[in-house]
Amino acid sequence: MKRSNLILLGALGGILLFSLVFQLRVHLYVRQGAANWKPVRTITQNRDVPHFSAITAEGQLTIRFEQGETPNLSIKAPDILLDSIRTEVQEEKLIISMNRKPRKKDSVIISIETTELEELILSGNTHFETIQQVFGKNLILDFKDNSSVNLKLVYNSIQQVNNSTGTIRINGEVKKIDFTQNPKEEE
């Protein structure tokens, strides 16, 4: 055999050997990754909250509200997100936010119950809905970003500021309504 043919066969053999070693390493890496993977579970967690009459929420959340006798809050979410959902009450205002952005397929559902609702401020991609009619005297609504609502209300007065591109549905009986819609500023 000619020397050039031997060099060519040696180069092809080296490439074949390198490909084989590379594929075995990738296969081993994938198997180790699959062995360390933990399935994500959806968990419901109840949290104690003191009395509140206002709610501020931000993030990719679905909030279901019900008027009841005592404050109650439960979160249904993937276990990897539960620690990143912050809920605290300051000056009778329940503040809900997320430190971590959920994946598109993740669903975070927060069920809230309290005696009265006087103010609701939503931003981000928050969806808020009432389970049944909510009764009260005065209600302030402020919607931003892509927040959306589906409300069943019986109130004397509602003041609403809407800067949201989401869907706003309000049904029920209201004696006085003050709507303010601030158009998005053009850049």
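Please read all numbers here as calculations on a predicted model, not as lab measurements. (Residues numbered from 1 in each chain as written. Predicted model: local features only at pLDDT ≥ 70, side-chain atom pairs only at ≥ 80, totals over all residues. Heavy atoms only, no water.)

(A) The overall build of the protein chain, seen in detail. Counting its regular elements, the protein chain contains 1 helix and 12 strands. Seen in sequence order, the protein chain has helices and strands lined up from the N terminus as α-β-β-β-β-β-β-β-β-β-β-β-β. Taking 16 Å as the expected radius of gyration for a compact globule of 187 residues, we find that the protein chain reaches 27 Å, considerably beyond that expectation. By principal-axis analysis of the C-alpha atoms, the protein chain measures approximately 100 × 40 × 25 Å. Relative to its full complement of 187 residues, the protein chain shows a buried share of 32%. If you sum the accessible surface of the protein chain, you get close to 12600 Å²; carbon and sulfur atoms cover 51% of it. Across the protein chain, the mean location of the 23 positive side-chain charges is 17 Å away from that of the 22 negative side-chain charges. (Helix = DSSP H or I, 4+ residues; strand = E, 2+ residues; numbered from the N terminus. Rg over C-alpha atoms; globule rule 2.2 N^0.38 Å. Buried < 20%, exposed > 50% of the residue type's maximum accessible area, 1.4 Å probe, protein only. Areas by Shrake-Rupley, 256 points an atom, 1.4 Å probe, with all protein chains shown as cover. Lys, Arg positive; Asp, Glu negative; His and termini not counted. Charge placed at Lys NZ, Arg CZ, Asp CG, Glu CD.)

(B) Layout of the environment of Phe143. Within the fold, Phe143 resides in strand E10 (residues 134–145). Separated by 124 residues in sequence, Phe143 and Ser19 place their C-alpha atoms 57 Å apart. If we skip the residues at most four places from it in the chain, Phe143 touches Leu120, Leu122, Val149, Gln160, Val161, Asn162, Asn163, Ser164 and Ile168. (Contact = heavy atoms within 4.5 Å.)

(C) Structural view of a nonpolar patch on the surface. Together, Phe18, Phe22, Val26, Tyr29 and Val30 give the surface a local cluster of nonpolar side chains, amounting to about 590 Å² of exposed area. With respect to the helices and strands, the residue Phe22 is situated in helix H1 (residues 3–36). By relative accessible area, which is 51% here, Phe22 ends up exposed. (Patch = residues over 30% accessible without salt bridge, like charges linked within 9 Å, V, L, I, M, F, W, Y side chains within 5 Å. Salt bridge = Lys/Arg side-chain N within 4 Å of Asp/Glu carboxyl O.)

(D) Here's a closer look at the packing of aromatic side chains. Here the structure, examined in full by the defined rule, presents 2 aromatic pairs. Arranged with centres 6.4 Å apart and planes meeting at 20°, the rings of Phe18 and Phe22 form a pair that is stacked. Pair noted here: Phe18 and Phe22 are both in helix H1, with a separation of 4 residues, about one helical turn. For the residue pair Phe18 and Phe22, the accessibility class agrees, reading exposed in each case. (Phe/Tyr/Trp six-rings, centres within 6.5 Å; stacked < 30°, edge-to-face > 60°.)

(E) Spatial organisation of the nonpolar core. In this structure, Ile55, Ile96, Val108, Ile110, Ile112 and Phe128 are the most contacted members of the largest nonpolar core, which totals 32 residues. For this core, the secondary-structure elements that each account for two or more residues are strand E2 (54–58), strand E3 (62–67), strand E4 (72–78), strand E6 (93–98), strand E7 (109–114), strand E8 (119–123), E10 and strand E11 (148–164). Looking at this core element by element, the count peaks at 5 residues for E11. Once residues within four sequence positions are removed from consideration, Ile110 is found in contact with Leu61, Thr62, Ile63, Arg64, Leu73, Ser74, Ile75, Ile85 and Ile96. (Core = buried A, V, L, I, M, F, W, Y, C linked by side-chain atoms within 4.5 Å.)

(F) Spatial organisation of unusual backbone geometry. For Glu91, which is not a glycine, the phi torsion comes out positive at approximately 50°. For Glu91, a relative accessible area of 81% puts it in the exposed group.

(G) Looking closely at the pattern of salt bridges. The final tally for this structure, using the stated rule, is 6 salt bridges. Where Glu119 meets Lys93, a salt bridge forms, and the shortest distance between an N and an O atom there is 3.8 Å. A residue pair is termed long-range when its members are at least 10 positions apart, and Glu119 in strand E8 and Lys93 in strand E6 qualify at 26 residues. Residue classification places Glu119 among the partly exposed residues on the basis of a relative accessible area of 23%.

(H) The arrangement of the side chain of Thr87 in detail. Its place among the elements puts Thr87 in strand E5 (residues 85–90). A polar side-chain atom of Thr87 sits 3.0 Å from a polar atom in the side chain of Arg47. For Thr87, the contacting residues outside a window of four places in its chain are Arg47, Leu73, Ile75, Leu94, Ile95 and Ile96. (Polar contact = N/O pair within 3.5 Å; in protein donor to acceptor, adjacent residues only side chain to side chain.)

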